[in-house]
Amino acid sequence: MERRITQALAIVFAGFSTLSGAVSAQELAATATTATDVVQLSVVERWVLDPTTVFDSNEIVIEDLHFIARPVVVFADSPADPQYAEQLELLLSRVEELVIRDVIIITDTDPAARSPLRQELRPRGFGLVLVGKDGRVALRKPAPWDVRELTRSIDKMPLRQQEIRERTE
């Protein structure tokens, strides 16, 4: 378990010198080794421990992710929606490419709950929304999108271009 946590943290922190207000990868790995510890961590800390986690929109305060992660939000009117299932399958089948690009996957399948994300992004039925690290909506799609298409859109973003340049220098 500890080795898996350390590996996940190494992937996420590759290229990052520091994250404002965040603890180091070693500190997280040392302190969060049980399920109880993981539950007590913030969403950002849990995402750092396992960047393949799919979060529910009710857990997320989008402002906490600014300049740390790129939220990809998958909306549907029901978890039984075939487009929703297809989109999650597409995202999770190539999740390592999303991890490299600091993507956090968030889902919202309950319109009646009126989550803050649903109120802010205002989807109609199924929808895929990519939010940049700066908090701006970068992409909206009314149908499932492949990771290849999604990563191409991310790689064109100015902040992502800057990250690529900084990692190659």
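Refer to the preceding data block for the structure.
Residues numbered from 1 in each chain as written. Predicted model: local features only at pLDDT ≥ 70, side-chain atom pairs only at ≥ 80, totals over all residues. Heavy atoms only, no water.

## Some thoughts on the overall build of the chain
Consideration 1: Helix and strand counts for the chain stand at nine helices and five strands.
Consideration 2: When the helices and strands of the chain are read in sequence order from the N terminus, they spell out α-α-α-α-β-β-α-α-β-α-β-β-α-α.
Consideration 3: Counting all 169 residues of the chain, 43% fall into the buried class.
Consideration 4: A separation of at least 24 residues holds for 68% of the contacts in the chain among residues at least 6 apart in sequence.
Consideration 5: Entry remark: accessible area of the chain is about 9,200 Å², with carbon and sulfur atoms responsible for 51%. (Helix = DSSP H or I, 4+ residues; strand = E, 2+ residues; numbered from the N terminus. Buried < 20%, exposed > 50% of the residue type's maximum accessible area, 1.4 Å probe, protein only. Contact = heavy atoms within 4.5 Å. Areas by Shrake-Rupley, 256 points an atom, 1.4 Å probe, with all protein chains shown as cover.)

## Overview of the side chain of arginine 70
Consideration 1: Structurally, the position occupied by arginine 70 is in strand S2 (residues 70–75).
Consideration 2: Overall, the relative accessible area of 0% leaves arginine 70 in the buried class.
Consideration 3: Side-chain polar atoms of arginine 70 contact the side chain of glutamate 163, separated by 3.1 Å.
Consideration 4: In this structure arginine 70 touches Arg101, Asp102, Val103, Ile104, Leu130, Val131, Lys133, Ile154, Met157, Leu159, Arg160 and Glu163, once residues within four positions along its chain are discounted. (Polar contact = N/O pair within 3.5 Å; in protein donor to acceptor, adjacent residues only side chain to side chain.)

## A short note on the pattern of salt bridges
Consideration 1: Evaluation of the coordinates by the stated rule reveals eleven salt bridges.
Consideration 2: Where arginine 160 meets aspartate 155, a salt bridge forms, and the shortest distance between an N and an O atom there is 3.1 Å.
Consideration 3: Here the residues in one salt-bridge network are Arg70, Arg101, Asp102, Lys133, Asp155, Arg160 and Glu163, joined through shared partners. (Salt bridge = Lys/Arg side-chain N within 4 Å of Asp/Glu carboxyl O.)

## Some thoughts on the environment of serine 93
Consideration 1: Tracing the backbone through its elements, the reader meets serine 93 in helix H5 (residues 82–93).
Consideration 2: Through-space distance from the C-alpha of serine 93 to that of aspartate 146 is 9.7 Å; in sequence the pair is 53 residues apart.
Consideration 3: For serine 93, the side chain forms a polar contact with the main-chain oxygen of leucine 90, separated by 2.9 Å.

## With respect to the nonpolar core
Consideration 1: One finds Val72, Leu91, Leu98, Ile105, Leu130 and Leu150 to be the most contacted residues of the largest nonpolar core, which totals 20 residues.
Consideration 2: Listed by contribution, the elements that provide at least two residues to this core are S2, H5, helix H6 (95–100), strand S3 (103–108), strand S4 (127–131) and helix H8 (147–155).
Consideration 3: Setting aside residues up to four positions removed in sequence, valine 72 forms contacts with Leu91, Val103, Ile104, Ile105, Ile106, Leu128, Val129, Leu130 and Leu150.
Consideration 4: Membership of the second largest hydrophobic core comes to 18 residues, among which are Trp47, Phe55, Ile62 and Val131. (Core = buried A, V, L, I, M, F, W, Y, C linked by side-chain atoms within 4.5 Å.)

None of the figures reported here should be taken as evidence of function without further support.
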